[in-house]
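Structural overview for review
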Amino acid sequence: MVNVLTLAWQTIRGRLGGFAGAFIAILCGTALVAACGVLMESGLRAGVPTQRYAAAAVVVGGERTVRPPGADALSAEPVGEQPSVPAELAGRIATVPGVRAAVAELSFPAQVVTRDGQLLAGRESLGHNWDAAVLAPFTLRGGAAPATGGEVVLDAELARQAGVGIGGQVRITTRSGPVPFTVSGVVDGTARQAALFFTPERAAELAGRPGRAHAIGVLADPGAAPETLAERVRGVVGGAEVATGVERSSIEFLDVGQTRTLLLAIAGSFGGFALLVAVFVVASTLALTVNQRRREFALLRAVAATPRQIRKLIGTETTLIALVAGVLGSVLGLAVAGGLRDAFAAIGVVPADFELAFSPLPPAAAVLLGLGAARLAAWAAARRPSSIRPVEALGEAAVERRELGRGRLLTGWGLMVAGLGGALVPLFLRGDIAAAISTMSTLVVVIGLAVVGPQVTGLVVRFLVPVLARLWRISGYLAGANAHANARRVAAAVTPLMLAVAFALATFYGPTAMTAATRQETVRSTTADYVLSAPGGLSPEVAAAAGRVPGVAAATPVVRTSVITATPVGDSVDVQRTPAQGVAGDQAGAALELGVDAGRLTDLTGDTVALSRAEADWLDKKLGDDVEFWFGDGVPAKLRLVATYTHDLAFGDFVLPVALAREHIGGRLDDSVLVRRQPGADAGAVASALSALPYPGLVVAPAAAALAPEGGDRQAQFYLNLVAAGVIVGYLAISVANTLVLTTAQRGREFALLRLVGTSRRQVTRMMRLEALATVGIAVVLGTLVALVPLALLNFGLRGNPVPAGSPTVYWGIIAGAVVLGMVAIGVATSVALRARPIDAIGVRE
């Protein structure tokens, strides 16, 4: 073992340039995996500091996940709306030993209206019951607690922004129009949310949810340990969530709990994909490094080195490189995790104040995974040099083997056929699953092309050789002959560049196809003339008031929410959270065209539901059947099916009665109101009358502005995909540069021989430029074709138009980046290789 270590260390010292590519690949791969580990750990135990419940040792809230019967823990789906708990639980919790007090807190939208009739911008603004102020605690800076229903206490920052002091008048809008209140006191404010406090009775009236509370804060007796107290409380609250420490903020802020779940999902999927790409990149880099040393291994085999010794030597070298690169990469991963968190915060996926959790576990796991990936790659790279017979060793090393094994050919072409088969799925399925399968099929085809790369590249190069020779006699002939004779080398250079191009195109243009299809169907399905909206939501009174405006034929409120479904799949249960909308069934037909193919929307009242045709068929439901699912806040539902429709891209798979949808969202406000004017009514007069409605912050816009794809979860998911894809493409760019530099740098003796037989330096340089153009051209064409076929089928299936949706500028930017990267990498390596005198370079060992 000592001899192998010594030989491996000496080899690394003598070939630092050759091992640099593998070092960089492992370094970057480990950094990505470590960053994903930090994100995953943060999803388990990080958050933001609690604010409203800072004095509460334990906080009790509604269940934040839905786990249907038969589903495992990993299948539990987080709720999309703020859950609530029965307020009467406070009395039961108060009897638990160690509990000093249990206070139910109400939380509801409450916004201050300025003197000029506008809403105060900035932080989210919520109203609460004054008796819950003790949970922070909120301390009176001046004045007194609210004593009557007409009094309110503001936090200090909110009072400053409103320009009002103790005893002053302020108008506040909640679930109705502005109402005047007298400011009875001012308290020290919170950083994340603006707080307004009312008497308990007035708060219950404004919240509009009798018997329900946002959460219950538990104040502990002196000396009572929070964890011990939490265990006791769990025994009396049934299935409610009980939290201590940083977990309290997940109950206080809905977005914190959602962020933690999102980080777990991102870290799991992104980390797994990053590890897969890392194995691919490290394997290709190591294969090139080992291939450069064919003569060295051939000589070792000729002097009686056994295959096992060759494999052990390569494995030991790789282990040494991987350990150093892994340790450095794991430290770098901490900075990468912070950068990813900042990027996610910039696009609104995670709160800007969400803190990451750091511990030695993610870096250590990244080092081990990086080492394992490197050893796997080393095993794959060592198979060929260790398996050739000693008698054939030198001959095998001197000439590149042209043919591919039967197993490799079958595997590669099989993957390509499977990928192309998957690309046909969008012709039969719609929705996000079609887009996901389309992107996955692109990657499968790319992997298949990588496996049979030398064969495909050889076929392409065969057509390029006469073209290059005809256009550039000497340099063109040399470039074509080199590419034709070294198809494996060209394939090794083409594959990572092709993968980067195809992955970037699929990642960007896949979601844009879905967005364009949704926009197209929404425009076709929206028959309203105006859409009304406001920051934070609209009072339910707005729709009724808009319906009374002269010239208005119909005004339907729209509530955007989500539902959770559970579908048995074999022995498991598939749990999904899907978008849903609440509409007024008696008004919806005048403003929306859902493509109803069975039943009537006018029946959409009470405990009923309308399903998309695809969802109804999937659930095997017919009109009159009961449909079971969970509302966005986790409350189980059992509703009667009264209609099915076909415009599911625009409206989702579930449409609920608007009153029922309001009951299960935190603020109980409408997202928008769609208004259609009467035939012949003056458009300007109707728009002016709508704008004059006495609701602060009301915005009247053309109905086209109501297009759902422009915002919300779909837009956030699109930007999230872009960030993740950007990181992966950046890593692939490093692989491309590594590969191109290595494949060019190993040709120093070849360049020297060409120059010694009379080829000028300029001709060699031109030859390499032509080879670079051929390499980049093949990669760009194949990468484009690989992505174009699934994208065309996806767009045709969703939109009826095979032309990919999205800006063509992005495509040309991706291609330009690939061309610049390829040309620069090969150009720099060629320039370095030509610096040495030919007579010196010809004697350099390989």
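Below is a short write-up of the structure. Quantities reported herein were computed from a predicted structural model and do not represent experimental measurements.

Calculation criteria
Residues numbered from 1 in each chain as written. Predicted model: local features only at pLDDT ≥ 70, side-chain atom pairs only at ≥ 80, totals over all residues. Heavy atoms only, no water. Helix = DSSP H or I, 4+ residues; strand = E, 2+ residues; numbered from the N terminus. Buried < 20%, exposed > 50% of the residue type's maximum accessible area, 1.4 Å probe, protein only. Contact = heavy atoms within 4.5 Å. Areas by Shrake-Rupley, 256 points an atom, 1.4 Å probe, with all protein chains shown as cover. Polar contact = N/O pair within 3.5 Å; in protein donor to acceptor, adjacent residues only side chain to side chain. Pairing = 2+ DSSP bridges. Core = buried A, V, L, I, M, F, W, Y, C linked by side-chain atoms within 4.5 Å. Salt bridge = Lys/Arg side-chain N within 4 Å of Asp/Glu carboxyl O. Patch = residues over 30% accessible without salt bridge, like charges linked within 9 Å, V, L, I, M, F, W, Y side chains within 5 Å. Axes fitted to C-alpha atoms, helices over the stretch in contact; angles between N-to-C directions. Parallel < 35°, antiparallel > 145°, perpendicular 65-115°, else oblique. Left-handed = near helix turned anticlockwise from the far one by under 90°. Bend = angle between axes of the 7 residues up to and from the residue. Phe/Tyr/Trp six-rings, centres within 6.5 Å; stacked < 30°, edge-to-face > 60°. Lys NZ or Arg CZ within 6 Å of the ring centre and 35° of its normal.

**Things to note about the overall build of the protein**
- Within the protein one finds 28 helices and 26 strands.
- Here the protein holds 846 residues, and 52% of them are scored as buried.
- A fraction of 82% describes how many contacts in the protein between residues 6 or more apart in sequence connect residues 24 or more apart.
- Total accessible area on the protein stands at roughly 35,800 Å², and carbon and sulfur atoms take up 61% of it.

**Section: the side chain of His-664**
- Relative to the helices and strands, His-664 is located in the loop between helix H22 (658-662) and strand E25 (672-677).
- Within polar-contact distance, the side chain of His-664 engages the side chain of Asp-633 at 3.2 Å.
- Sequence-distant contacts of His-664, defined by excluding residues within four places in its chain, comprise Glu-81, Phe-631, Asp-633 and Val-635.

**Notes on the pairing of strand E8 (residues 124-129)**
- The element E8 is extensively covered by neighbouring structure, given that five of its six residues are classed as buried.
- Inspection of the sheet shows E8 paired to strand E13 (residues 193-198) by six bridges, in the parallel sense. The residue of E13 that forms the bridge with Glu-124 is Gln-193.

**Observations regarding the nonpolar core**
- Among the nonpolar cores identified, the biggest contains 49 residues, and Phe-344 and Tyr-731 are the most heavily contacted of them.
- Those elements that provide at least two residues to this core are helix H2 (16-45), helix H8 (254-292), helix H10 (307-346), helix H11 (361-387) and helix H24 (712-745).
- Residue contributions to this core peak at 12 residues, all from H8.
- If we ignore the near neighbours within four places in the chain, the residues touching Tyr-731 are Ala-25, Cys-28, Gly-29, Leu-32, Val-277, Ala-278, Val-281 and Val-282.
- Formed by 44 residues, the second largest nonpolar core is a distinct cluster that contains Phe-108, Leu-158, Ile-172 and Leu-229.

**Some thoughts on the side chain of Ser-562**
- Within the secondary structure, Ser-562 sits in strand E18 (residues 552-569).
- Each residue touching Ser-562, except ones within four places of it in the same chain, is listed here: Gly-80, Glu-81, Arg-577, Thr-578, Pro-579, Ala-580, Phe-631 and Gly-632.

**Comments concerning the pattern of salt bridges**
- Applying the stated criterion across every chain yields a total of 23 salt bridges.
- Here Arg-92 ties to Glu-88 by a salt bridge, and the two come within 3.3 Å at their closest N and O atoms.
- Given the relative accessible area of 39%, Arg-92 is considered partly exposed.
- Notably, a salt bridge pairs Arg-341 with Asp-342, separated by 3.0 Å at the nearest N-O pair.
- Connected through shared salt-bridge partners, Arg-64, Glu-241, Glu-247 and Arg-260 make up one network.

**As for unusual backbone geometry**
- Residue Pro-137 is reached from Ala-136 by a cis peptide bond, and omega for that bond is -10 degrees.
- When you line up the elements, Pro-137 lands in the loop between E8 and strand E9 (140-143).
- For Asp-620, which is not glycine, the phi torsion reads 60 degrees and is therefore positive.
- Looking at where Asp-620 falls in the secondary structure, it is placed in the loop between helix H20 (613-619) and strand E22 (626-631).
- Of note in this structure, Arg-668 is not a glycine but carries a positive phi near 55 degrees.

**What about a nonpolar patch on the surface?**
- On the surface, a cluster of nonpolar side chains totalling about 590 Å² of accessible area is made up of Leu-424, Leu-427, Phe-428, Leu-429, Ile-433 and Phe-796.
- Mapped onto the elements, Ile-433 comes out in helix H14 (residues 432-451).
- Ile-433 gets classed as partly exposed once you look at its relative accessible area, which sits at 49%.

**Here's the deal with the environment of Thr-259**
- When you line up the elements, Thr-259 lands in helix H8.
- Taking the C-alpha atoms as reference points, Thr-259 and Gly-47, separated by 212 residues in sequence, lie 8.4 Å from one another.
- Leave out the neighbours within four places in its chain, and Thr-259 touches Val-349, Val-350, Pro-351 and Phe-354.

**Things to note about the environment of Leu-262**
- Within the fold, Leu-262 resides in helix H8.
- As a C-alpha pair, Leu-262 and Val-349 span 87 residues in sequence and 8.6 Å in three-dimensional space.

**So, the environment of Arg-171**
- Its location among the elements puts Arg-171 in strand E11 (residues 169-173).
- Spatially, the C-alpha atoms of Arg-171 and Leu-119 are 10.0 Å apart, while their sequence positions differ by 52 residues.
- Ignoring sequence-local partners within four residues, the contact set of Arg-171 consists of Gln-111, Val-112, Val-113, Thr-114, Gly-117, Pro-178, Val-179 and Pro-180.

**Thoughts on the packing of helix H26 (residues 761-799) against helix H27 (residues 808-833)**
- Following both chains from N to C, one finds H26 and H27 inclined at 150 degrees, their axes separated by 9 Å at the closest point. With respect to H27, the element H26 is oriented roughly antiparallel. Judged by the sense of rotation from one axis to the other, the crossing of H26 with H27 is right-handed. Side by side, H26 and H27 meet where Arg-761, Met-768, Arg-769, Ala-772, Leu-773, Val-776, Val-780 and Thr-784 of the first sit next to Tyr-811, Ile-815, Ala-818, Val-819, Gly-822, Met-823, Ile-826, Thr-830 and Ser-831 of the second.

**Structural notes on the sheet that holds strand E16 (residues 241-243)**
- Read across the sheet, four strands follow the order E5-E15-E1-E16 without closing on themselves; strand pairing throughout is antiparallel. Looking at which strands have only one partner, the edges of the open sheet turn out to be strand E5 (99-105) and E16. Within the sheet, the average angular offset between the axes of one strand and its neighbour, ignoring direction, is 20 degrees.
- Pairing between strand E1 (residues 58-61) and E16: three bridges, direction antiparallel. The residue bridging Val-59 from the neighbouring strand is Ala-243, located in E16.
- Its contacts with the sheet put helix H6 (residues 226-234) on E1, E5, strand E15 (215-220) and E16, and the angle it makes with E1 is roughly 30 degrees.

**Focus: H10**
- At Leu-334, H10 shows its largest bend, some 25 degrees.
- Positive phi shows up at Gly-348, right after H10, with a value of about 80 degrees.

**Here we look at the packing of aromatic side chains**
- Enumeration over the complete set of coordinates arrives at eight aromatic pairs.
- In textbook terms, an aromatic cluster arises when at least three aromatic residues are bridged by ring pairs, as seen for Phe-108, Phe-181 and Phe-198.
- Against the face of Phe-253 rests Arg-192, its NZ or CZ located 4.4 Å from the ring centre.

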